[in-house]
Amino acid sequence: QVMLVESGGGLVQTGGSLKLSCTASGRSFSWYAMAWFRQAPGKEREFVAGRDWNGETIDYADSVKGRFDIYRGDAKNTVYLQMNSLKPEDTAVYYCHGRVTPTIEATYDYWGQGTQVTVSS
């Protein structure tokens, strides 16, 4: 069973930093892309940051550009989201997303369970 597990969430003051980690367990994949999404209460889940595994394409939501960085670890099954200059509006549950393309015909998407990030005033 393949699972994505997030960690690193918590409570931080405005202007502080957090680093989220996402680690895949179970079967090892050659990931095509990894991304982070977030969802605040009463709002739709939104894209935050994403990258292909080689880092040839990296995208950020306008709201986090210049503050957040997505990058992979030395292990192929780990991706991070470094969050700086946090604002109360960043408060949300953050979800890790991974995509694999084992064949040209098939695409599979995996989601983590989410980790809570709360930014206090």
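Here, the structure is the one placed above.
First, a word on what this report is: a plain description of the structure on this page.

Cut-offs and rules
Residues numbered from 1 in each chain as written. Predicted model: local features only at pLDDT ≥ 70, side-chain atom pairs only at ≥ 80, totals over all residues. Heavy atoms only, no water. Phe/Tyr/Trp six-rings, centres within 6.5 Å; stacked < 30°, edge-to-face > 60°. Helix = DSSP H or I, 4+ residues; strand = E, 2+ residues; numbered from the N terminus. Buried < 20%, exposed > 50% of the residue type's maximum accessible area, 1.4 Å probe, protein only. 1 Å grid on protein atoms, 1.4 Å probe; cavity = no way out; pocket = protein on both sides within 12 Å on 5 of 7 lines; lining within 4 Å. Points joined across faces, edges and corners; volume = space filled by probe spheres on them. Nonpolar A, V, L, I, M, F, W, Y, C, P; charged D, E, K, R; others polar.

## Topic: the packing of aromatic side chains
One pass over the structure, following the stated rule, counts four aromatic pairs. When the centroid spacing of 6.0 Å and the interplanar angle of 90° are considered together, the rings of Trp-31 and Tyr-110 count as edge-to-face. Taken together, the positions of Trp-31 in the loop between β3 (18–25) and β4 (33–39) and Tyr-110 in strand β10 (residues 106–111) put the pair 79 residues apart, joining distant regions of the chain. Residue class for Tyr-110 comes out partly exposed when judged on its relative accessible area of 22%. With centroids separated by 5.2 Å and ring planes inclined at 25°, the aromatic side chains of Tyr-71 and Tyr-80 adopt a geometry described as stacked.

## Regarding the layout of surface pockets
Quantified by volume, the largest pocket comes out at close to 170 Å³. Lining the largest pocket we find 13 residues, and of these Tyr-32, Ala-33, Met-34, Arg-51 and Asp-52 sit closest to its centre. Among the elements of the structure, β4, β5 (46–52) and β9 (92–103) are those that each provide at least two residues to the lining of the largest pocket. Taken together, the residues that form the lining of the largest pocket break down as six nonpolar, three polar and four charged.

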